[in-house]
Each structure stands twice: as C-alpha cells, then as structure tokens.
Amino acid sequence: MPRPVEEKPASEGLAQHPPGPPPTTRFAPSPTGYMHLGHAYSALVSWRVARETGGRFYLRIEDIERRRCRPTFEQAIYQDLAWLGIDWDGPVRRQSEHLASYTEALEELSRLGAIYPCFCIDAEVRAEIKRAGAAPHGSEGPHYPGTCRDLGRQEQNRRIRAGKAHALRIDVRKAGTLAGPLTWTDRKAGRVEADVLAVGDVIMAGRDVATSYHLAVTLDDHHQGVTLVTRGWDLFGATHLHRVLQALLGLRTPIYHHHPMITDPNGLRLAKRNRAVTLRGLRNARKSPEDVRRMIGLE
Ligand code: GLU
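Computed from a predicted structure; not experimentally measured.

**Things to note about the overall build of the chain**
Move 1: A count of helical and extended segments in the chain gives 11 helices and 10 strands.
Move 2: Against the 2.2 N^0.38 benchmark of 19 Å for 299 residues, the chain shows a C-alpha radius of gyration of 20 Å, consistent with a compact globule.
Move 3: With 299 residues in all, the chain has 52% of them scored as buried.
Move 4: A sequence separation of at least 24 residues applies to 84% of the contacts in the chain between residues at least 6 apart.
Move 5: A total accessible area of about 14100 Å² is found for the chain, and carbon and sulfur atoms account for 51% of it.
Move 6: Taking the 43 positively charged and 34 negatively charged side chains of the chain as two groups, their mean positions are separated by 3 Å.

**Considering the site of the ligand**
Move 1: Arg-26, Ala-28, Pro-29, Ser-30, Glu-62, Ala-135, His-137, Tyr-213, Val-217, Arg-231 and Leu-235 make up every residue found near the ligand.
Move 2: In this structure, an oxygen atom belonging to the ligand sits 2.5 Å away from a side-chain N or O atom of Arg-26.
Move 3: At a separation of 2.6 Å, a nitrogen atom of the ligand approaches a polar side-chain atom of Glu-62.
Move 4: For the ligand, whose unbound accessible area comes to 300 Å², protein coverage reaches 88%.
Move 5: Partitioning the shell around the ligand into residue classes produces six nonpolar, two polar and three charged.

**Considering the pairing of strand β7 (residues 190-193)**
Move 1: Bridge count between strand β6 (residues 183-186) and β7: four bridges; the pairing is antiparallel. Of the residues in β7, the one forming a bridge with Thr-183 is Glu-193.
Move 2: Hairpin connection of β6 to β7: three residues between the antiparallel strands.

**Some words on the packing of helix α8 (residues 213-223) against helix α9 (residues 238-249)**
Move 1: Taken N-terminus to C-terminus, the directions of α8 and α9 make an angle of 60°; their axes are 10 Å apart at the nearest point. Classified by the angle their axes make, α8 and α9 are oblique. The two elements α8 and α9 meet at a crossing, and its hand is right-handed. Across the interface between the two elements, Tyr-213, His-214, Leu-215, Val-217, Thr-218 and Leu-219 from α8 touch Ala-238, Leu-241, His-242, Leu-245, Gln-246 and Leu-249 from α9.
Move 2: Grouping the amino acids of the contact of α8 with α9 by side-chain chemistry returns eight nonpolar, four polar and no charged.

**Quick notes on unusual backbone geometry**
Across the chain, the bulk of peptide bonds are trans and the bulk of non-glycine residues have phi less than zero.
Move 1: Positive phi values are uncommon outside glycine, yet Asp-208 reaches one of about 65°.
Move 2: Structurally, Asp-208 is set in the loop between β8 (203-205) and α8.
Move 3: Positive phi outside glycine occurs at Arg-286, with the angle close to 65°.

**Quick word on the side chain of Ser-46**
Move 1: With respect to the element layout, Ser-46 can be found in helix α2 (residues 37-53).
Move 2: A polar atom in the side chain of Ser-46 sits 2.9 Å from the backbone oxygen of Arg-26.
Move 3: Among residues more than four places away in sequence, those in contact with Ser-46 are Thr-25, Arg-26, Phe-27, Phe-57 and Thr-230.

**A short note on the state of the cysteines**
Move 1: One pass over the structure, following the stated rule, counts zero disulfides.
Move 2: Cysteine Cys-118 remains unbridged, with the sulfur of Cys-120 as its closest cysteine sulfur at 3.9 Å.
Move 3: Cys-148 carries a free sulfur, and the closest cysteine sulfur to it, the one in Cys-120, is 3.7 Å from it.
Move 4: Looking at Cys-148, the relative accessible area reads 4%, which means it is buried.

**Section: the pattern of salt bridges**
Where charged atoms from two side chains of opposite charge approach closely, those side chains can pair.
Move 1: Summed over the entire model, instances satisfying the criterion amount to 21 salt bridges.
Move 2: The residue Arg-280 makes a salt bridge to Asp-80 at a minimum N-O spacing of 3.1 Å. Here Asp-80 lies in helix α3 (residues 71-84) and Arg-280 lies in helix α10 (residues 279-284), a separation of 200 residues in the sequence.
Move 3: Judged by its relative accessible area of 18%, Arg-280 is buried.
Move 4: The class of Asp-80 is buried, set by a relative accessible area of 0%.

Calculation rules
Per-chain numbering applies: the sequence of each chain, read as written, is numbered from 1 onward. In keeping with the model being predicted, local features are shown solely for residues with a pLDDT of at least 70 and side-chain atom pairs are shown and tallied solely at 80 or more, while totals for entire chains, interfaces and linings include all residues. Heavy atoms throughout the structure, all of them, feed into the side-chain values; hydrogens and water do not. Strands are runs of DSSP state E lasting at least two residues, helices are runs of H or I lasting at least four, and both sets are numbered from the N terminus onward. For the radius of gyration, the atom set is restricted to C-alpha positions; the globular benchmark scales as 2.2 Å times the number of residues to the power 0.38. Any residue under 20% of the maximum accessible area for its type is buried, any over 50% is exposed, and the rest in between are partly exposed; the area is computed with a 1.4 Å probe on protein chains only. Throughout, a residue-residue contact means that at least one pair of heavy atoms, one from each residue, lies within 4.5 Å. Working definition of accessibility: Shrake-Rupley area with a 1.4 Å probe, residue cover restricted to the visible protein chains. Charge counting follows a simple rule: Lys and Arg are positive, Asp and Glu are negative, and His as well as the terminal groups are ignored. For this purpose, a charge sits on NZ of Lys, CZ of Arg, CG of Asp or CD of Glu. The near set for a molecule or strand comprises every residue that places at least one heavy atom within 4 Å of it. Any pair of N or O atoms that falls within 3.5 Å is considered a polar contact. Within protein, one atom must be able to donate a hydrogen and the other to accept it, and sequence-neighbouring residues count only if both atoms are side-chain atoms. Classification convention: Asp, Glu, Lys, Arg as charged; Ala, Val, Leu, Ile, Met, Phe, Trp, Tyr, Cys, Pro as nonpolar; all other residues, Gly among them, as polar. Two strands are counted as paired when DSSP detects at least two bridges linking them. To get an axis, a line is fitted to the C-alpha atoms, and for a helix only the part in contact is used. The angle between two axes follows their N-to-C directions and goes from 0 to 180 degrees. Should an angle fall under 35 degrees it is taken as roughly parallel, and over 145 as roughly antiparallel, whereas 65 to 115 is taken as roughly perpendicular and any remaining angle as oblique. Left-handed is the label given to a crossing in which the near helix is rotated counterclockwise from the far helix by less than a right angle, and right-handed is the label when the rotation is clockwise. Cysteine sulfur atoms are paired as a disulfide whenever they fall within 2.5 Å. In what follows, salt bridge is the name for a side-chain nitrogen of Lys or Arg lying within 4 Å of a carboxyl oxygen of Asp or Glu.

Put into structure tokens, the structure is as follows:
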C-alpha cells in the first residue's frame, strides 16, 4: 500500500495564499496511462484550494507527446476525476489544439537568440528528444555538453539548408543573461532565486516533438490565467526554467506549490510505468473515493 504523505490537506496552503483575488489552479495530466494515487493527490490538493476559496480550477490535457497519448487514457481521466468528485471550470484545454501558440513562442525565443539548433544525433540525444514532451520526473542525467551551442549563424544555416535534422535547445547561459536575476515563490520553500544554469541546455522542440513540456506548460499556465501551480516536488527544478521563459516571453508568473510525492512502501515515486495502484484498479477492487482520500492523507 502507498505511504500516506506527511503534508496536511490543501487548507494548509490556503492559509498562505497572499491576499488578493482567490487563486486559479489547475490539474494537468498527460493521457499516457491510467491515473494513480499520486495524480489523485495532486488533483485533490489543487481542486480543494480553488473550491475552498471561491477560486477557479481548470483541467488541462497535456497531450503533446503524440506517440504515447491514447484517447482511452484521456477518457479515463475524465471518468476517474468525476468518480473522485472533482469538477472543473470552463472548457478543458488540450495542448494538441494549441500547437501554433508554441511555434510562435519558439520563433520569439529564436529571435532573441535564446535557442539554437542542435544537430547531434547520438543515441543519448535521440532519447532526450523523445522524452522532451514529457515532464521530467526525476533526474534527466548529465547536461548536454553544448557541442552545437557556438556553431555560429552561418554554419547553422548551412546545415539547415543541407537538410540536416536538428532539434532546438535553450541556451541557458544566454537566456539567463537576457532575463537577468529572477525569483519565484514556492509555498513551502518561500522565495527562490531562479537558477536556470542548473537545468542545462534542454530540448525545446525537435523531430516529432512540436514543443517541449517546459514551453507548453509555461505558456498554458499563462493562457489559462493560472495563479497557483500545484504539482509534485519532483518538478521543483524545472520551475527555474519556467520562470526564465516567463521573463523572456512576457508571461505572468504564478505562485508554485510543489507538494510532496506519494511513494510506495519503499519510498519510490508512484509512476504509471511501475504499474502503480491505479484509480480504476482501486475502483474495481470496490474501494470508494473516501478510501482513496484516506490512503493519501486527504480525508
Ligand atoms: N503533464 C505533466 C505530468 O503529468 C504535468 C506537470 C505539471 O503539472 O506541470 O506530469
């Protein structure tokens, strides 16, 4: 059985919300598998904050990773959330329907000189491109060494004209310099200085990947007017990059609540690939939504 988390329910975060309009929160699952207890936790924390304050709660389907997304999983998200008693405001935003806005942002980053084409095609880079559409839960391995960073405009153009396949990477040094010193706020960690160098020159788009998770999530939170991003602690590091993207693209900066992860009895993060306890598995085993809430410490 999963370990209950130590954190108190959403009302704890509620007390810390700054004065002003009630928050707009969101839950942004990817339809690449059935939702498990970790998703239930994230969705409930976010939904409760909105409902307890008269704020808004949006649902976003993060389906840019076409290779792994399935309509069955998307339907299951709607059913599982409804079973948990979670409702959402306004229409659901599906990322696959907004590809033009990501392309526009990539053009702007390119105009600023904050991204560069990377022509590397070794196995490591190919794997990196493949997973660029997904949120980086956990370590992403060593940073890209910057092989293509300083090729120069002429050489870049020559290779592009020659039809060489390439991906687009953020130049974190350049992006950090352009943006200047930045901070962001996490409800637990408080004021955090954005350290974009810690993220490395990650992929922003590539073959078969119209946009990376990082770019899509940052733009969508802005477009949906999200003021409180509630998501797992494992994405804390990614927020440094999201903050810099906000500065470069003129987007609003929400407050963040990186909540603890639900783990299995061995302390490992629940993940779809581990065949973690899915909500539908629990439902089939005749567990109730109340049972689920109890299991994750949110009764
Ligand atoms: N689609 C991402 C996931 O399922 C969402 C991460 C986020 O909330 O920023 O992990």
